[in-house]
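If you want the building blocks of each chain, they are given just below.
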Amino acid sequence: MAATLIKGSEISKQIKEEMKQKIAELKEKHNVVPGLATVLVGEDEASKVYVGAKEKTCKELGIYSERIDLPVDTKEEDLLSLIERLNKDSKIDGILVQLPLPKHINETKVLYSIDPEKDVDGFHPVNVGKLMIGTAD
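Since the model is a prediction, treat every value here as computed from it, not as a measurement. (Residues numbered from 1 in each chain as written. Predicted model: local features only at pLDDT ≥ 70, side-chain atom pairs only at ≥ 80, totals over all residues. Heavy atoms only, no water.)

This brings us to the overall build of the protein. Looking only at helices and strands, the protein has five helices and three strands in total. Listing each helix as α and each strand as β along the protein from the N terminus yields α-β-α-β-α-β-α-α. Principal axes of the C-alpha set define a box for the protein whose edges measure 50 × 45 × 35 Å. A burial count over the protein gives 31% of its 137 residues as buried. In the structure as shown, the protein presents an accessible area of about 9200 Å², 56% of it carried by carbon and sulfur atoms. (Helix = DSSP H or I, 4+ residues; strand = E, 2+ residues; numbered from the N terminus. Buried < 20%, exposed > 50% of the residue type's maximum accessible area, 1.4 Å probe, protein only. Areas by Shrake-Rupley, 256 points an atom, 1.4 Å probe, with all protein chains shown as cover.)

What follows is the structure, encoded as structure tokens:
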């Protein structure tokens, strides 16, 4: 059997075009604009690039994007308060907390504080459980 070359850039382009259409339909038919909040704590260069790419893609697709950059010395309770605000924000449909977090912040506690319905990465135990039993959306 001959190998088939899969061109990731072409597949990505096709998926983005499909997403643009679906997002445009949401806006037109239901007056809904999907929203993503990204939270970056600290100055990790790789994380900055990753979050920047998410912002760029949101803009390309017509998704509302809110980027929140916090200093490395942000207190855990302040980060948890921010996540609680984002959980309640109707403009935000997805929350992505960029990892790794600074050592003084309990990563598990932060990830578990994200509403499972808004957990973009799927790290909340509810979503991990759904994935394990095959009921993830």
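Now that the structure has been shown, the text picks up again.
A contiguous nonpolar surface patch, about 360 Å² in accessible area, is contributed by Ile-6, Ile-11, Ile-15 and Met-19. Note that Met-19 resides in helix H1 (residues 8-30). Here Met-19 falls in the partly exposed class, since its relative accessible area comes to 33%. (Patch = residues over 30% accessible without salt bridge, like charges linked within 9 Å, V, L, I, M, F, W, Y side chains within 5 Å. Salt bridge = Lys/Arg side-chain N within 4 Å of Asp/Glu carboxyl O.)

With that settled, consider the packing of H1 against helix H2 (residues 45-61). Helix-helix packing is described using two parameters, namely the angle between the two axes and the distance between the axes. One can describe the packing of H1 onto H2 by two numbers: an axis separation of 9 Å at closest approach and a directional angle of 55°. Here H1 is positioned oblique relative to H2, judged by the angle of their axes. Counting all contacts with H1, which are made through Lys-16, Met-19, Lys-20 and Ile-23, the residues of H2 involved are Thr-57, Glu-60 and Leu-61. Taken together, the residues of the contact of H1 with H2 break down into three nonpolar, one polar and three charged. (Axes fitted to C-alpha atoms, helices over the stretch in contact; angles between N-to-C directions. Parallel < 35°, antiparallel > 145°, perpendicular 65-115°, else oblique. Contact = heavy atoms within 4.5 Å. Nonpolar A, V, L, I, M, F, W, Y, C, P; charged D, E, K, R; others polar.)

What follows concerns the pattern of salt bridges. Following the criterion strictly, the structure yields 13 salt bridges and no others. Taking the shortest distance from any N to any O, the salt bridge between Lys-7 and Glu-10 comes out at 3.9 Å. The closest approach of N and O atoms between Lys-16 and Glu-60, which form a salt bridge, is 3.6 Å. Here the residue Lys-16 occupies a position in helix H1, and Glu-60 occupies one in helix H2, the gap between them amounting to 44 residues. In this structure Lys-16 comes out as partly exposed when scored by relative accessible area, which is 29%. Classification of Glu-60 by relative accessible area gives partly exposed; the value is 37%. Here the salt bridges share partners, and the residues they tie into one network are Glu-66, Arg-85, Asp-89 and Lys-91.

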